[in-house]
Amino acid sequence: MAFNPTALKSVSAVADLTTTGKRSARDVVLEAIKTQIALFNEPKKEGRRWFRSGANDTAFSIRYANTALKLKGEETQLAVETKLFPEALAYFADEIGKGKFDQQLEALEKARAARTEKMRATRKSKPKAETPAS
């Protein structure tokens, strides 16, 4: 049976899909925390880690847009007993989910957007490379 193109519709016409295009900074960090817990639980899994483990403790940070959040006062890195590390990240995920880090995330999102715009302007102003003749 051939596909009927009249079945296609705009995403904005589907109520549960209208807001799926852009994730908030909070959503990005919460997803990344899940990834960090998975990396911790599967040490051989590939991926960038926000933590490093010593003999008994694990040091960690939580990052957005390549910048560490201030987790406790001005501290961007904390340590916890290694066995408690997943619980510590779950605690911060809960706090982030409640909006307690929104002010930092909003500031970091503004900085990220400004960097993106600056890079776009720089790329736009650079002359195009000439294609060599074959």
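Each chain carries its own residue numbering, running from 1 in the written order of its sequence. For a predicted model such as this one, the threshold for reporting local features is a pLDDT of at least 70, and the threshold for listing and counting side-chain atom pairs is 80 or more; totals across whole chains, interfaces and linings nevertheless cover every residue. Neither water nor hydrogens contribute to the side-chain values; these are computed over all heavy atoms in the structure.

Chemist: Got a minute to help me understand helix H1 (residues 25-41) in this structure?
Modeler: Helical periodicity: at 3.6 residues per turn, an α-helix aligns residues three or four positions apart in one direction. Runs of H or I in DSSP of at least four residues are treated as helices and runs of E of at least two as strands, each being numbered from the N terminus. To estimate the expected span of a helix, count its residues, drop one, and scale the result by 1.5 Å. For H1, built from 17 residues, the straight-helix expectation of 24 Å at 1.5 Å per residue is met to within 8% by its first-to-last C-alpha distance of 25 Å. A 1.4 Å probe rolled over the protein chains alone gives each residue an accessible area, and that area as a share of the maximum for its type sets the label: buried under 20%, exposed over 50%, partly exposed in between. Ala25, Val29, Ala32, Ile33, Gln36, Leu39 and Phe40 are the residues of H1 that are buried. End-on view of H1: buried residues confined to an arc of 120 degrees, all on one side of the axis. Contacts are assigned to residue pairs with any non-hydrogen atoms lying within 4.5 Å of each other. If you follow the buried residues of H1, they end up packed against strand S1 (51-53), strand S2 (57-60), strand S3 (63-64), helix H2 (85-97) and helix H3 (102-125). Directions are taken from the helix axis to each C-beta atom, and the arc is the one they span.

Chemist: Mind showing me how you'd approach the side chain of Gln36 here?
Modeler: As for its placement among the helices and strands, Gln36 is situated in helix H1. With a relative accessible area of 4%, Gln36 lands in the buried category. Polar side-chain contacts of Gln36 include one of 2.7 Å to the backbone nitrogen of Trp50. Ignoring anything within four residues of it in the chain, the contact list for Gln36 reads Arg48, Arg49, Trp50, Phe51 and Leu89. We define a polar contact as two N or O atoms separated by no more than 3.5 Å, with the added condition that, inside protein, one atom must be a possible hydrogen donor and the other a possible acceptor, whereas residues neighbouring each other in sequence contribute only through side-chain atom pairs.

Chemist: I'm lost on the pattern of salt bridges in this one. Help?
Modeler: Oppositely charged side chains may form a pair once their charged atoms are brought near each other. One side-chain nitrogen of Lys or Arg within 4 Å of one carboxyl oxygen of Asp or Glu is enough to make a salt bridge. Overall, the coordinates contain eight salt bridges when judged by the stated rule. A salt bridge links Glu117 to Arg120; the shortest N-O distance between them is 2.7 Å. Of the two residues, Glu117 and Arg120 are both situated in helix H3; the distance of three residues between them amounts to about one turn of the helix. For Glu117, a relative accessible area of 46% puts it in the partly exposed group. Because the salt bridges share partners, they merge into one network encompassing Asp94, Glu95, Lys98 and Lys100.

Chemist: I keep staring at H3 and nothing clicks. Help me out?
Modeler: Its 24 residues give H3 an end-to-end C-alpha distance of 34 Å, which sits within 8% of 34 Å, the value for a rise of 1.5 Å per residue. Tucked inside the fold, the buried residues of H3 contact H1, S3, strand S4 (67-68) and H2.

Chemist: Just checking my understanding: could you explain the packing of aromatic side chains for this structure?
Modeler: Between two aromatic rings, the relevant description is the distance of the centres plus the angle of the planes. For this analysis, a ring pair means two rings from Phe, Tyr or Trp (six-membered ring only for Trp) whose centres lie within 6.5 Å, classed as stacked if their planes differ by under 30 degrees, edge-to-face if by over 60, and tilted for the remaining angles. In total, this model carries seven aromatic pairs according to the counting rule given. With a centroid separation of 5.1 Å and 75 degrees between ring planes, the pair formed by Tyr91 and Phe92 is classed as edge-to-face. Measuring from ring centre to ring centre gives 6.2 Å for Phe92 and Phe101, while their planes differ by 65 degrees; the resulting arrangement is edge-to-face. Side by side, Phe92 and Phe101 carry an identical accessibility label, which is buried. Taken together, the aromatic side chains of Phe40, Phe51, Phe60, Phe85, Tyr91, Phe92 and Phe101 make up a single cluster linked through ring pairs.

Chemist: For this particular structure, what's the right way to read the environment of Ala25?
Modeler: Note on placement: Ala25 falls in helix H1. Given a relative accessible area of 11%, Ala25 falls into the buried group. Taking the C-alpha atoms as reference points, Ala25 and Met119, separated by 94 residues in sequence, lie 20 Å from one another. Sequence-distant contacts of Ala25, that is, excluding residues within four places in its chain, are made with Tyr64 and Leu105.

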